[in-house]
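Structural characterization, general
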Amino acid sequence: MKNVVSKFKYALIALLVLLVVGMTLLGVLGLNQSIMLGKNHEISVAIEVNIDDAGDVVRATSEKYFAEKGIKVNASNVINFNEGEKYSFKTASLNGLNAEEIKTQLEDALNTALTAEQLAGLNPTVTTYETYGFTSVKWSILIACAIALVAIFIYYAIIEKISGALTVIIVSVVSAVLHLALVAITRLPYDPVLGTCIMLSAVFAGILSGGIVNRAKELSKIVTEKKRTNTEIANLATESSNVRFAFVSIVLLVALIAFIAFGGLTVRLIALQVLLAVVSAVAVSYFFTGFLWANIKKQ
């Protein structure tokens, strides 16, 4: 790319289009809550014996009940014990029902269905409870990212003065907002790590942007026969970062695509969120850092 900085206006137009579309969808449709892995409701049905026919009846009756009540099941499994079986169904919402209502209604439906199949006396027991799989992990990562972001801003405020610090701050914020817009556009389920990935996008963009700012500072100190403008220095700094950007992007993309291709549902959702964070950070830091630094430096 011969002149990255001069192409800022095209990057800005693309950014504005994505932000307008993303924020419009966010306002109209909200975030995609079809899958909630951070906080779920788990409904379990236990029966006292291992009988294939009974298991089929339990599963079919439970799924019919959930469909009638508008409860969307995101995942289900069965655990076999010596004394019986346990069927678990995970859902993001109970659709206004409480645990006691589900227990009474579903147990009545199961007893009726099992009796009709001459399988009475299996005593199906329904239990409903909440699970918070990723809550503690998310907060730990979120706090770590917040600390890293503050450290980056302080570092550039001291080392690179106002132009470098403002550039890194703006790039980080824009990257975070772009990530949110992309999540809204792609309709990717926001749980379990949207907040963490927004922070991750900001931190990663800050690191990448800081590399260009450091390089620009080094180039501005080099004495040449022809005095370079801030724009020329910013462009050279950006171009000299091409290899680093390409290497980091390829390594991360290959790793994330592998997770998406071979991981389970949870791993795929997390990998897709991180993928959007990486794309946002790389695009914003590459196309915006040089222009911002050059123009803030003039002031």
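Residues numbered from 1 in each chain as written. Predicted model: local features only at pLDDT ≥ 70, side-chain atom pairs only at ≥ 80, totals over all residues. Heavy atoms only, no water.

1. A short note on helix 9 (residues 265-298)
For helix 9, built from 34 residues, the straight-helix expectation of 50 Å at 1.5 Å per residue is met to within 8% by its first-to-last C-alpha distance of 49 Å. Taking the largest bend as the criterion, helix 9 deviates by roughly 40°, centred on Phe-288. (Helix = DSSP H or I, 4+ residues; strand = E, 2+ residues; numbered from the N terminus. Expected span 1.5 Å × (residues − 1). Bend = angle between axes of the 7 residues up to and from the residue.)

2. Re helix 5 (residues 161-186)
For the α-helix, the turn length of 3.6 residues means that residues three or four positions removed from each other point alike. Between its first and last C-alpha atoms helix 5 spans 38 Å; for 26 residues at 1.5 Å apiece the expected length is 38 Å, and the two agree. Looking at the residues trailing helix 5, positive phi occurs at Arg-187, about 60°.

3. Comments concerning a nonpolar patch on the surface
A contiguous nonpolar patch, built from Val-150, Ile-154, Tyr-155, Ile-158 and Ile-159 and spanning about 450 Å² of accessible area, is present on the exposed surface. Mapped onto the elements, Tyr-155 comes out in helix 4 (residues 135-159). (Patch = residues over 30% accessible without salt bridge, like charges linked within 9 Å, V, L, I, M, F, W, Y side chains within 5 Å. Areas by Shrake-Rupley, 256 points an atom, 1.4 Å probe, with all protein chains shown as cover. Salt bridge = Lys/Arg side-chain N within 4 Å of Asp/Glu carboxyl O.)

4. Comments concerning the nonpolar core
Judged by nonpolar contacts, the single largest core of 51 residues is most densely connected at Phe-288 and Trp-293. Counting residues per element, this core draws most heavily on helix 9, at 15 residues. Setting aside residues no more than four positions away along its own chain, Trp-293 makes contact with Ser-163, Gly-164, Thr-167, Val-213, Ala-216, Asn-230, Ile-233 and Ala-234. Core analysis: the next-biggest nonpolar cluster, separate from the first, contains 21 residues, Leu-94, Ile-102, Leu-114 and Leu-119 among them. (Core = buried A, V, L, I, M, F, W, Y, C linked by side-chain atoms within 4.5 Å. Buried < 20%, exposed > 50% of the residue type's maximum accessible area, 1.4 Å probe, protein only. Contact = heavy atoms within 4.5 Å.)

5. Details of the packing of aromatic side chains
Scanning all chains against the criterion turns up four aromatic pairs. Between Tyr-65 and Phe-66 the ring centres are 5.9 Å apart and the planes differ by 65°, which places this aromatic pair in the edge-to-face class. Just as Tyr-65 is buried, Phe-66 falls in that class too. With 5.1 Å between their ring centres and 65° between their planes, Phe-66 and Phe-89 make a pair best called edge-to-face. (Phe/Tyr/Trp six-rings, centres within 6.5 Å; stacked < 30°, edge-to-face > 60°.)

6. Describing the pairing of strand 3 (residues 84-91)
Counting buried residues along strand 3, six of its eight residues qualify, which places the element largely inside the surrounding structure. Bridging between strand 1 (residues 40-47) and strand 3 involves seven bridges; their strand directions are antiparallel. For His-41, the partnering residue across the bridge sits in strand 3 and is Thr-91. In this structure, strand 2 (residues 73-81) lies alongside strand 3, joined through eight bridges in antiparallel fashion. Bridge pairing links Ala-75 to Lys-90 in strand 3. (Pairing = 2+ DSSP bridges.)

Keep in mind these values describe shape, not function.
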